[in-house]
Amino acid sequence: MEQYDYSQYANIPLSALNHGIRVALSRYLTPRRSVPVTSADPQADGRLPDWTGLAELLGFEYQDIENFECKHDPGPVIELLKAYTICRGNSVSKLLEAVKTLERYDVLDDMRFRNGIVRDVTDYNRRQQQQDEVQMYDPIRPLQVPEVTTCSDLHRTDHRANETRIVTTDDVDSFRSGESHQVTYDAFISYDYSDVAFVKQMIKALESDEYKLKLCIDARDLLPGSATYPVTAHLIENRCRRIIIILTPKFLESPACDFQTRFAHSLSPGSRSKKTDSHPDKAMSYPCNSSAYHNL
């Protein structure tokens, strides 16, 4: 049925789906079903139309399902999706086709769920397009390392992957050189992509021999496919001494920028640790929590 055709999502990695969609799917699939699917499709026939049947369709084995079931917080479905996201080659299309195979049309017909999928995929495509336009990546440097866990390895071992161990291109270089410590930065640059021309000039100046700062810029340094919010939160909190905010009207309209500033502000309530520095547009007014910022 054309209504349930998800081929347009075949090239969208599962990491594009944010937490809200995963929680929505969990609400539908966590309750156990006792009546199996009766279908002419051998892939579906006899499987339970709940998260256990989904896990089987996605290639997980009995022991994997037992391990997922032990995860009461955040729950088996969230753990299942986390493990499936790590496996290379898995797409939004494959996940939705598996839900369709289980005949869970109640999930697929939920307008909030469908709109959430469209929103997350649209946001992912926008980020990819912006990153292509920025052209900050080194086209010669490979972004995948052979040692990254494969799906088959994951099925046989532990599902608790360290998602923040290798998140930047500098981490890849450090890993290859045999160094065990994670790369740290002088500052994380928080900006809207419409201001990228200014950001490029600032990077060139601050990373020059005069200042010799090591900056973390998402479009240049983060590995593709990362879960953006958790990864940037980890970098801001644990691996960057400061966060430099390029404060412009477009910045204030960006959900990602809003998350970064609010998170950084939560790490320095009352501006005690001076975690945040800002470079404001002279023609704009400050946001209500601007007392937490340092002007550059």
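This is a predicted model, so every value here is computed, not measured. (Residues numbered from 1 in each chain as written. Predicted model: local features only at pLDDT ≥ 70, side-chain atom pairs only at ≥ 80, totals over all residues. Heavy atoms only, no water.)

K.L.:
An account of the environment of Asp 258 is needed here, citing residue identities and associated values.
P.N.:
You can see Asp 258 is positioned in helix α14 (residues 255–267). Of the residues examined, Asp 258 reaches a relative accessible area of 33% and is grouped as partly exposed. (Helix = DSSP H or I, 4+ residues; strand = E, 2+ residues; numbered from the N terminus. Buried < 20%, exposed > 50% of the residue type's maximum accessible area, 1.4 Å probe, protein only.)

K.L.:
Could you give an account of the packing of aromatic side chains, with specific residues and numbers?
P.N.:
Aromatic rings considered in pairs are described by the distance between their centres and by the relative angle of their planes. In this structure the tally under the stated criterion is five aromatic pairs. Arranged with centres 5.2 Å apart and planes meeting at 80°, the rings of Phe 60 and Phe 68 form a pair that is edge-to-face. Each member of the pair, Phe 60 as well as Phe 68, is classed as buried. Between Phe 259 and Phe 263, the aromatic rings sit 6.0 Å apart at their centres with planes inclined by 20°, giving stacked as the arrangement. Within this pair, Phe 259 and its partner Phe 263 are both found in helix α14, separated by four residues, close to a single helical turn. Relative accessible area serves as the criterion here: at 24%, Phe 259 is assigned to the partly exposed category. (Phe/Tyr/Trp six-rings, centres within 6.5 Å; stacked < 30°, edge-to-face > 60°.)

K.L.:
Kindly report on the pairing of strand β3 (residues 240–247), identifying the contributing residues and their values.
P.N.:
In terms of residue burial, β3 counts as a mostly covered element, since six of its eight residues are buried. Pairing analysis gives five bridges linking strand β1 (residues 185–190) to β3, with the strands arranged parallel. When the sheet's bridge partners are listed, Tyr 185 is paired in β3 with Cys 240. (Pairing = 2+ DSSP bridges.)

K.L.:
Any details on unusual backbone geometry? Residues and values, ideally.
P.N.:
A positive phi angle is found at Glu 103, which is not glycine, with a value near 60°. Mapped onto the elements of the fold, Glu 103 is located in the loop between α5 (92–101) and α6 (105–108). Even without a glycine there, the phi angle at Lys 212 is positive, about 55°. Position of Lys 212 relative to the elements: it lies in the loop between α10 (196–206) and β2 (215–216). The exposure class assigned to Lys 212 is exposed, which follows from its relative accessible area of 61%.

K.L.:
Describe α14, and please don't skip the residues or the numbers.
P.N.:
End to end, α14 covers 19 Å across 13 residues, agreeing with the expected 18 Å (1.5 Å per residue, within 8%). Within α14 the residues assigned to the buried category are Cys 257, Gln 260, Thr 261, Phe 263 and Ala 264. Viewed along the axis of α14, the buried residues span an arc of 165°, placing them on a single side of the element. Opposite the buried face of α14, by more than 90 degrees, sit the exposed residues Pro 255 and Arg 262. (Expected span 1.5 Å × (residues − 1). Arc of directions from axis to C-beta.)

K.L.:
If you had to explain the environment of Ala 16 to someone new, which residues and values would you point to?
P.N.:
In this structure, Ala 16 sits in the segment before α1 (19–29). For the pair Ala 16 and Asn 125, spaced 109 residues apart in sequence, the C-alpha to C-alpha distance is 8.9 Å. Excluding residues that lie within four positions of it along the chain, Ala 16 makes contacts with Asp 120 and Tyr 124. (Contact = heavy atoms within 4.5 Å.)

K.L.:
Explain the nonpolar core to me, and be specific about the residues and the numbers.
P.N.:
Membership of the largest hydrophobic core comes to 36 residues, with the highest contact counts inside it found for Leu 54, Phe 113 and Ile 117. Mapped by element, the contributors of at least two residues to this core are α1, α2 (51–57), α3 (62–69), α4 (76–86), α5, α6 and α7 (111–134). Discounting chain neighbours no more than four positions away, the residues touching Phe 113 are Ile 21, Ala 24, Leu 25, Leu 96, Val 107 and Leu 108. One finds Phe 188, Leu 222, Ile 236 and Phe 263 within the second-largest nonpolar core, a separate group that totals 18 residues. (Core = buried A, V, L, I, M, F, W, Y, C linked by side-chain atoms within 4.5 Å.)

K.L.:
Which residues make up the packing of α1 against α4, and what values go with them?
P.N.:
Between α1 and α4, whose axes approach to 9 Å, the crossing angle comes to 130°. One element, α1, and the other, α4, form an angle in the oblique class. Of the two possible hands of crossing, α1 and α4 adopt the one that is right-handed. Counting all contacts with α1, which are made through Arg 22, Val 23, Leu 25, Ser 26 and Leu 29, the residues of α4 involved are Val 77, Ile 78, Leu 81, Lys 82 and Thr 85. Here the contact of α1 with α4 is built from residues that sort into six nonpolar, two polar and two charged. (Axes fitted to C-alpha atoms, helices over the stretch in contact; angles between N-to-C directions. Parallel < 35°, antiparallel > 145°, perpendicular 65-115°, else oblique. Left-handed = near helix turned anticlockwise from the far one by under 90°. Nonpolar A, V, L, I, M, F, W, Y, C, P; charged D, E, K, R; others polar.)

K.L.:
How would you summarise the pattern of salt bridges if you had to cite specific residues and measurements?
P.N.:
This structure, assessed with the given rule, holds 13 salt bridges. A salt bridge links Arg 119 to Asp 120, with the nearest nitrogen and oxygen atoms 3.3 Å apart. Through salt bridges with shared partners, one network takes in Arg 32, Asp 50 and Glu 69. (Salt bridge = Lys/Arg side-chain N within 4 Å of Asp/Glu carboxyl O.)

Nothing here speaks to function; it is all geometry.
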